[in-house]
Amino acid sequence: MESHHRNFFINLLLILILSFFMSTTTGSFSIREASIRDIQQALLENELTSRQLVEFYLHEIQTLNPLLRAVIEVNPDALDLADEADSERIIAKGSQLGELHGIPILLKDTIGTKDKLNTTSGSYALLGSVVPRDAGVVEKLRKSGALILGKTSLSEWAYMRSFHSPKGWSARAGQGKNPYVLSGTPCGSSSGSAISVAANLVTVSLGAETHGSILCPSSHNSVVGIKPTVGLTSRAGVIPVAPRQDTIGPICRTVSDAVYVLDAILGFDQLDAEATKAAEKYIPDGGYKQFLKKDGLAGKRIGIVRHPFFSFPHESNISQVFEGHFDTIRNSSAVLVDNLEIEHIDIITNPGHSGELTVMKAEFKQSLNIYLKELITSPVRSLANVIAFNQNHKDLEKVDKFPQDMLVAAENTHGMDGEKEKAIVEHLERLSRDGFEKLMSENKLDTIVTPGSDFAAVLAIGGYPGISVPAAYDEDNDGMPVGICFGGLRGTEPKLIEIAYGFEQATLIRRPPSLKSEDDNRSITQLLASQ
């Protein structure tokens, strides 16, 4: 980087000074499972450098990624960025640089970076393309001092290539693996972002959600995911799916880490002006970390919608665990309002029936074509080009392993200008208004709580926020993680964060994956050799 080269000798001297101080300290700090706060304290007390932090993660990626397929690319400048962060810390002389300064972050491979990293949505069709600028959220991350470590795997084209391909699969990365149950799904489309933080390949990550793409992998990989109100974070420079529903949010191991990342990336962006301006009114002075309250559950009114979200058998351990969680919530001075029903819920949770899928396909074609035309260089300039590329490059590894029927279906639409699409949008708005919004208002609720991530369907069509927190491990499904989802009305992130943090601190459910085979105790080396 130019700034690094200009200050090379100064930075080198500062690194040598820091190394001297590091050599005179002793500490037992463990990076694995460390939170942002833990890491910042270790950096402040000279128990750790950002270079050591990045070196640890690079080693973990090199060791585990051949099995987990969570990371598509590592930033070749990552160590240089770490050195710069260490230099800045010395110059700052112990003053506060911000929660994310010197912290490595991985980005879903739809989030554009103006550096040596590709941005491809997991597709060979975009390999070698050049974005015009950093995505809006990346620009904010860089200003916060975060280090862009690389790009994560995903369901190709954010699961818009084909619904017949497995969740977490892309041509470039292959099949992402759930670190808790290797044979289980990691879910998607932000699979690699969730796998990476769950398996300690990075401190924190970013995902993107249109319909469940943050909440579902967070639930399945026992991590925390925040799906913000649409417009709270900029989508500029991010490969789109459906701008009416697209939102960018953090995936981390703890609620507090996710909130620190959210605070860093939120806010107005001129390149996504309409959505971010509309959501600006929701952002509280001082950001969201002020709502990390241990007693955050106290006084909250929390609704339970059992149909169709409680589908597991009554005698299952998951059923028992969640009933226990409800007791914990009650004992935390919250009010639970049980057995509620959302009007037309069976229509809302069926994207084909509600019309959501029809609109998504039309939006995808229209918005992707705009994105591709704005690239500096690119092998493809339209969705039609992408489809043709896949047809003409079957020699590329795995590129034709699964069909591209969703891409073709999207190409056969006429964008969002038709009367049919406008009528569907009005229908979806009516479903939200007469369903979720009415239920929340009539019962004076702060949130709806459900197991897993199926409630994402309700949140998707209205642009509503949700938070998934680790909640259970399914004994009937090889210990597969299950999250608890708290969903709310637009702009209610303060209440949702209080509730999610209060629940997390009251239960402390999450445990790291063992990274063992589900049927024996083979070591990671043996597992890799068997792939």
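Up top is the structure.
Residues numbered from 1 in each chain as written. Predicted model: local features only at pLDDT ≥ 70, side-chain atom pairs only at ≥ 80, totals over all residues. Heavy atoms only, no water.

**Some thoughts on helix α8 (residues 191-198)**
- Here α8 lies mainly inside the structure; 8 of its 8 residues are buried.
- Asn200, located one to two residues past α8, shows a positive phi value of around 60°. (Buried < 20%, exposed > 50% of the residue type's maximum accessible area, 1.4 Å probe, protein only. Helix = DSSP H or I, 4+ residues; strand = E, 2+ residues; numbered from the N terminus.)

**Notes on helix α12 (residues 317-331)**
- For α12, built from 15 residues, the straight-helix expectation of 21 Å at 1.5 Å per residue is met to within 8% by its first-to-last C-alpha distance of 21 Å.
- If you check which residues of α12 are buried, you get Asn317, Ile318, Ser319, Phe322, His325, Phe326 and Ile329.
- If you follow the buried residues of α12, they end up packed against β9 (301-305), β10 (335-340), β11 (447-451), β12 (466-474), β13 (480-487) and α20 (493-507).
- Of the residues trailing α12, Ser333 is marked for its positive phi of about 70°. (Expected span 1.5 Å × (residues − 1). Contact = heavy atoms within 4.5 Å.)

**Structural notes on the layout of surface pockets**
- Computed from the structure, the second largest pocket encloses a volume of approximately 350 Å³.
- If you trace the second largest pocket, you find 17 residues lining it, with Arg253, Thr254, Glu504, Gln505 and Leu508 closest to the centre.
- Put simply, the parts of the chain that give the lining of the second largest pocket at least two residues each are α3 (36-44), α10 (255-265), β12 and α20. (1 Å grid on protein atoms, 1.4 Å probe; cavity = no way out; pocket = protein on both sides within 12 Å on 5 of 7 lines; lining within 4 Å. Points joined across faces, edges and corners; volume = space filled by probe spheres on them.)

**Some details on the environment of Glu475**
- Along the chain, Glu475 turns up in the loop between β12 and β13.
- Spatially, the C-alpha atoms of Glu475 and Ser316 are 8.2 Å apart, while their sequence positions differ by 159 residues.

**Description of the state of the cysteines**
- Tallying each qualifying case throughout the model produces 1 disulfide.
- Each sulfur in the disulfide pair Cys187 and Cys216 lies 1.8 Å from the other. Taking the sign of the S-S torsion, 90° for the link of Cys187 and Cys216, the bridge is right-handed. Separated by 29 residues along the polypeptide, Cys187 in the loop between β5 (174-175) and α8 and Cys216 in helix α9 (residues 215-220) bring together distant segments of the chain. No difference in accessibility class separates Cys187 from Cys216, as the two residues are buried.
- Cysteine Cys252 remains unbridged, with the sulfur of Cys485 as its closest cysteine sulfur at 16 Å.
- Taking the relative accessible area as the measure of exposure, Cys252 reaches 0% and is therefore buried.
- Between Cys485, a free cysteine, and Cys216, which holds the nearest cysteine sulfur, the sulfur-to-sulfur gap is 11 Å. (Disulfide = S-S within 2.5 Å.)

**Points about the sheet that holds strand β2 (residues 104-108)**
- Across the sheet, which stays open at both edges, the 11 strands sit in the order β1-β3-β2-β6-β8-β7-β12-β13-β11-β9-β10 with mixed pairing between neighbours. Every other strand in the sheet has two partners, leaving β1 (71-74) and β10 as the edge strands with one partner each. When strand polarity is set aside, the average angle formed by the axes of neighbouring strands in this sheet is 30°.
- In the sheet, β1 pairs with strand β3 (residues 147-152) via 3 bridges, with the strands oriented antiparallel. Across the sheet, residue Glu73 finds its bridge partner in β3, namely Lys151.
- Helix-sheet contacts for helix α18 (residues 419-442) involve β9, β10, β11 and β13, and the interaxial angle to β11 is about 120°. (Pairing = 2+ DSSP bridges. Axes fitted to C-alpha atoms, helices over the stretch in contact; angles between N-to-C directions.)

**Focus: the packing of aromatic side chains**
- Under the definition given, this model contains 13 aromatic pairs.
- With a centroid separation of 4.9 Å and 70° between ring planes, the pair formed by Phe436 and Tyr464 is classed as edge-to-face. Of the two residues, Phe436 sits in helix α18 while Tyr464 sits in the loop between α19 (456-462) and β12, which places them 28 residues apart along the sequence.
- Here Phe436 falls in the buried class, since its relative accessible area comes to 1%. (Phe/Tyr/Trp six-rings, centres within 6.5 Å; stacked < 30°, edge-to-face > 60°.)

**Structural notes on the pattern of salt bridges**
- Scanning the model with the defined rule gives 23 salt bridges in all.
- The closest approach of N and O atoms between Asp83 and Arg51, which form a salt bridge, is 2.8 Å. In this pair, Asp83 is assigned in helix α5 (residues 78-92) and Arg51 in helix α4 (residues 50-68), connecting sequence segments 32 residues apart.
- Judged by its relative accessible area of 11%, Asp83 is buried.
- Residue Asp77 pairs with Lys116 through a salt bridge whose shortest N-O separation is 3.2 Å. (Salt bridge = Lys/Arg side-chain N within 4 Å of Asp/Glu carboxyl O.)

In short, the description is geometric, and any link to function would need to be established separately.
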